[in-house]
Each structure stands twice: as structure tokens, then as C-alpha cells.
Amino acid sequence: MQPGIMPTDMATAAADKLPEAAEAIMDLHAIRRIATLEEVAATVCFLASSDAGYISGNVVDVSDGFQI
């Protein structure tokens, strides 16, 4: 799994120090927000479940299409 920017302490501190940069990053996201920890966790749970039993050898991008 390949998560994008997530609301961690480090990311929040950086956004607080550089609000213009944080806004520019949001402009690069199709839905103009970062993933929640729950959204990323839900992807992990899916991949660990039997519903994903035929998925192998792939990187699941959980970043709204944003790549650093």
C-alpha cells in the first residue's frame, strides 16, 4: 500500500508553519483534501481480508492520485 500525505503530527506541524505550501499541495489533490487515517486503515483492512484474496503483487495507491 502506498499512502499519500496523512494527518500526522509532522504533517500538521509543517502545514501550520507553511500554510501557503499546504494550500499549494491541496491544489494538487483532485478532491482537495488529504486522506483520513480511517480511510487508509480501511484499505489495509480490505487488503488483509478474504475479499482481497486474489490481489497480489500490486501497490495500492491511497493518495487521491497525488504523487510526491
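Because the structure is a prediction, the values reported are computed rather than measured. (Residues numbered from 1 in each chain as written. Predicted model: local features only at pLDDT ≥ 70, side-chain atom pairs only at ≥ 80, totals over all residues. Heavy atoms only, no water.)

Novice: Teacher, can you tell me more about the overall build of the chain here?
Specialist: In terms of regular secondary structure, the chain is built from 3 helices and 2 strands. Relative to a compact globule of 68 residues, whose C-alpha radius of gyration would be 11 Å, the chain shows 14 Å and is clearly more extended. C-alpha atoms of the chain, sized along the principal axes, occupy 45 × 20 × 20 Å. Here the chain, with 68 residues, has 15% of them falling under the buried criterion. Here the analysis covers contacts within the chain between residues at least 6 apart in sequence; of these, 70% occur between residues at least 24 apart. Looking at the chain as shown, the accessible area adds up to about 5,000 Å², and 62% of this sits on carbon and sulfur atoms. (Helix = DSSP H or I, 4+ residues; strand = E, 2+ residues; numbered from the N terminus. Rg over C-alpha atoms; globule rule 2.2 N^0.38 Å. Buried < 20%, exposed > 50% of the residue type's maximum accessible area, 1.4 Å probe, protein only. Contact = heavy atoms within 4.5 Å. Areas by Shrake-Rupley, 256 points an atom, 1.4 Å probe, with all protein chains shown as cover.)

Novice: How do you make sense of unusual backbone geometry when you look at a structure like this?
Specialist: Outside of glycine, negative phi angles account for most residues, and trans bonds account for most peptide bonds. In the Ramachandran plot, R32 falls in the positive-phi region, its phi being about 55° despite a non-glycine side chain. One can find R32 in the loop between α2 (19-27) and α3 (37-48).

Novice: Can you help me understand the pattern of salt bridges in this one?
Specialist: Close approach of charged atoms allows side chains of opposite charge to pair. Under the criterion given, the structure shown has 3 salt bridges. With a shortest N-O distance of 2.3 Å, R32 and D27 are connected by a salt bridge. Taking the relative accessible area as the measure of exposure, R32 reaches 41% and is therefore partly exposed. Overlapping salt bridges bring together E23, D27 and R32 as one network. (Salt bridge = Lys/Arg side-chain N within 4 Å of Asp/Glu carboxyl O.)

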